[in-house]
Structure formats: structure tokens, C-alpha cells
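Reading the structure
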Amino acid sequence: MKLMSVLSGKGFVMYNKQLAKTVSVNAAIIFGQLCASYESFNGKGMLTIKDKKEYFFLTSETLQEETALTYKQQLKAVKDLEQAGYIETKIMGVPSKKYFYITDKIVQELFNEVNSSSDKKEDLENTSNQEAVVQKVTPRYDKKENLVMLKEKGKPVQKGSSIKEKNKKEKDKNNNININYNCNFKKPLEPAEFRELLRDACNEFYSEFTIGRWSKKQWNILIGKFVNDTIESGRYLKVPQENIRGFAFKCIEKICNNSDYKHSEEFADYQEVMKDLSHAKINSYPSDKLYNWLEDDNLIY
């Protein structure tokens, strides 16, 4: 029996072992299924182009059917893949659906791995050839003289001088690295200055994210809370000045995705389940004393 032909059937999901080691096994399984789904959507011409990126949608039910991972496991794996930069997600359509975009990070890693293997093989071959040439042409000397090779003029070179010269080069190299590091180091921005730059960066994306979601007043409240949280939590210390705009875009995108999910059919179903569980477990308590956070429209995600 040819086991590999059996394992390559439709009942199995292919996943990358290196991705499983660096991220997680569940993330590698989800990524393998996303790649297979992308090929299927692409072959049928059903990809959705958004911002020059090819998106396709998958429901949690489909992922669970294909991978046997629960909804909670899927959320964790998708979040890990997003943070690692292998995929991007976006909530689009009516009714709202989660769309996936596979970045080119995995392709770059595979390409670099192939190049690295080729370079190592080439270096090994060159080293072997050089050693063979040295063994063939280098004359033998008495060990007591501590000589390794001859200069062009026939003068011997001792090992001690070679070691000192090598150590000097390494020391100079380390000094240059320290000098460059000190020169490139930038003092973190003051909170007030960072606050102004972050708010300006957020307002650049006002038209892109507010349509169909928030009014101008709601946008100002949302951005004000986001900027204050960034300053108070100290996260701004980790954001270089040149990356503030990208940081703002990614954070607002996540806020929008959470907001869209809150108004999606999937979240509505989740509300019904939570309500049933709440009534079943604590129906002995007076309803007027319970706070139902699911009905609170003032929550900002």
C-alpha cells in the first residue's frame, strides 16, 4: 500500500513544519487550509480585490469542517498568524463576512531558505577546494618553528601575528558597530508631541474608515480614547516616529473589524446563545439588577 498517496487525499490538510515551530501547530493547520482555499477561489475567479490585495472569505463553520478546530482555536490561530504577518483579515460585505488575504511573507521565507541552502553548499564546496589546494602546495615545516605558510618573498609568517591581526579587526568592527548604534539612536518623543502626531495620522484615515460606521463626533471620541490609551499604557515608547502612520492604520483597522463583528449576524447568534445561558444560570436574580453588556451600544471596540 502506498501510504503517501492515501495521505494526499481530500481528507488531509497540508501544513508547513517550520511555521508550526515558529507560530503554532493550529496556526500552521489554518494557514494550510487558507492556502488551499485561496487556490480554489482563484481557480474559480471568485477572489475579491481590495486595495490591490486578493481577498477570499471563509466561515468558521467551513474551517471547523475542514480542520476539526473549534471556533476558539480558530480565533487564536488566526490572531497568531496576523501578528506574525502571514495573513491579513477584513470584515466586508452584507451580511458581514471575514475575508482573508495571504501575504508574501511565507514565499519570501521559502525563497531565502533555498538561497541560504545554496550559499552554504557553495561555501562548503569552495572551502573544500581551498583546503585541498593548501594541502597540495603548502610545504611542511618543523612544528617547533610554529610556521604555517610563506610570504611571496619567502619570509615565514608566525601564527601569533595572524591571531593578533584578526583580533584587532574584530575589535575595530565592534567599535564601529557601537559608534553607528550611538549615532542612530533617537530619543523617544515626548507624550504631548506623540499625541499630536498620532491624532493627525488617525485623521488621515477618517474618510476610509468612518463611512457607514461613525459620525464625526463619534470618530473624535473614539480616536481620543485610542490616543489616550496609547499614551497612558506606554505603548508609544515602542513606536518609532517614522512608523506612527502605519501604527495608526493597523490599530484603527482592528477597531473597525471588532465594530463590524459586533453588528454582524455571527455576533447576533452569539448574543442569543449568551442570553440563553445567562437566563438558564442566574434566572433567580432580579433582572433589573443585572447589567447586560451585550445590549450596551456605548461600548467602543
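My aim in this report is to walk through the structure given alongside it, one point at a time. Predicted model, so just to flag it, every value in this text is computed and none were measured. (Residues numbered from 1 in each chain as written. Predicted model: local features only at pLDDT ≥ 70, side-chain atom pairs only at ≥ 80, totals over all residues. Heavy atoms only, no water.)

1. A word on the overall build of the chain
The number of helices and strands found in the chain is 12 helices and 6 strands. Split into buried and exposed, the 301 residues of the chain put 26% on the buried side. Carbon together with sulfur atoms contributes 53% to the accessible area of the chain, which is approximately 22700 Å² in total. (Helix = DSSP H or I, 4+ residues; strand = E, 2+ residues; numbered from the N terminus. Buried < 20%, exposed > 50% of the residue type's maximum accessible area, 1.4 Å probe, protein only. Areas by Shrake-Rupley, 256 points an atom, 1.4 Å probe, with all protein chains shown as cover.)

2. Notes on the side chain of Thr210
You can see Thr210 is positioned in helix H9 (residues 206-210). Within the structure, the side chain of Thr210 is placed 2.6 Å from the backbone oxygen of Tyr206, a separation counted as a polar contact. (Polar contact = N/O pair within 3.5 Å; in protein donor to acceptor, adjacent residues only side chain to side chain.)

3. Concerning the packing of helix H8 (residues 191-203) against helix H11 (residues 244-262)
Orientation of H8 relative to H11, taken along the N-to-C sense of each, is 60°, at an axis distance of 9 Å. If you check the angle between H8 and H11, you find them oblique. The two elements H8 and H11 cross, and the hand of that crossing is right-handed. Note on element contacts: H11 touches H8 through Ile244, Arg245, Phe247, Ala248 and Ile252, opposite Phe194, Leu197, Leu198, Ala201 and Cys202. When its residues are assigned to classes, the contact of H8 with H11 shows 9 nonpolar, no polar and 1 charged. (Axes fitted to C-alpha atoms, helices over the stretch in contact; angles between N-to-C directions. Parallel < 35°, antiparallel > 145°, perpendicular 65-115°, else oblique. Left-handed = near helix turned anticlockwise from the far one by under 90°. Contact = heavy atoms within 4.5 Å. Nonpolar A, V, L, I, M, F, W, Y, C, P; charged D, E, K, R; others polar.)

4. Considerations on the sheet that holds strand E2 (residues 53-57)
What the 4 strands build is an open sheet, ordered E1-E2-E4-E3; its pairing is antiparallel. In the strand order of this sheet, the two ends are held by strand E1 (48-50) and strand E3 (87-92), each with one partner. Strand-to-strand, the axes of this sheet are offset by a mean angle of 40°, without reference to chain direction. Inspection of the sheet shows E1 paired to E2 by 3 bridges, in the antiparallel sense. The residue of E2 that forms the bridge with Ile49 is Glu54. Those strands touched by helix H3 (residues 25-43) are E2, E3 and strand E4 (97-102), and its axis lies near 105° from that of E2. (Pairing = 2+ DSSP bridges.)

5. Some details on unusual backbone geometry
In this structure, Asp51 takes a positive phi of about 55° despite not being glycine. Accessibility expressed as a relative area gives 47% for Asp51, which makes it partly exposed. Phi angles above zero are rare outside glycine, and Lys52 is one such case at about 60°. Checked against the element boundaries, Lys52 lands in the loop between E1 and E2. Residue class for Lys52 comes out exposed when judged on its relative accessible area of 84%.

6. Details of the nonpolar core
By size, the foremost hydrophobic cluster in this structure holds 23 residues, and its most contacted members are Phe194, Leu198, Cys202, Phe226, Ile244 and Ile252. It is H11 that contributes the most residues to this core, 7 residues altogether. Here Leu198 is in contact with Phe226, Val227, Thr230, Ile244, Phe247 and Ala248, once residues within four sequence places are set aside. Leu19, Ile30, Phe31 and Ile102 belong to the second largest nonpolar core, which has 22 residues in total. (Core = buried A, V, L, I, M, F, W, Y, C linked by side-chain atoms within 4.5 Å.)

7. Looking at the environment of Pro240
Summarising the element assignment, Pro240 is placed in the loop between helix H10 (216-233) and H11. In sequence terms Pro240 and Pro188 are 52 residues apart; their C-alpha atoms lie 7.6 Å from each other.

8. Digging into the pattern of salt bridges
According to the stated counting rule, one finds 7 salt bridges in the structure shown. Note that Asp260 and Arg213 form a salt bridge whose closest N and O atoms lie 2.7 Å from each other. Of this pair, Asp260 sits in helix H11 while Arg213 sits in the loop between H9 and H10, and the two are 47 residues apart along the sequence. You can call Asp260 buried: its relative accessible area is 14%. Residue Arg213 is classed as partly exposed on the basis of its relative accessible area of 28%. Within this structure, Lys53, Glu88 and Lys250 form a network of salt bridges that share partners. (Salt bridge = Lys/Arg side-chain N within 4 Å of Asp/Glu carboxyl O.)

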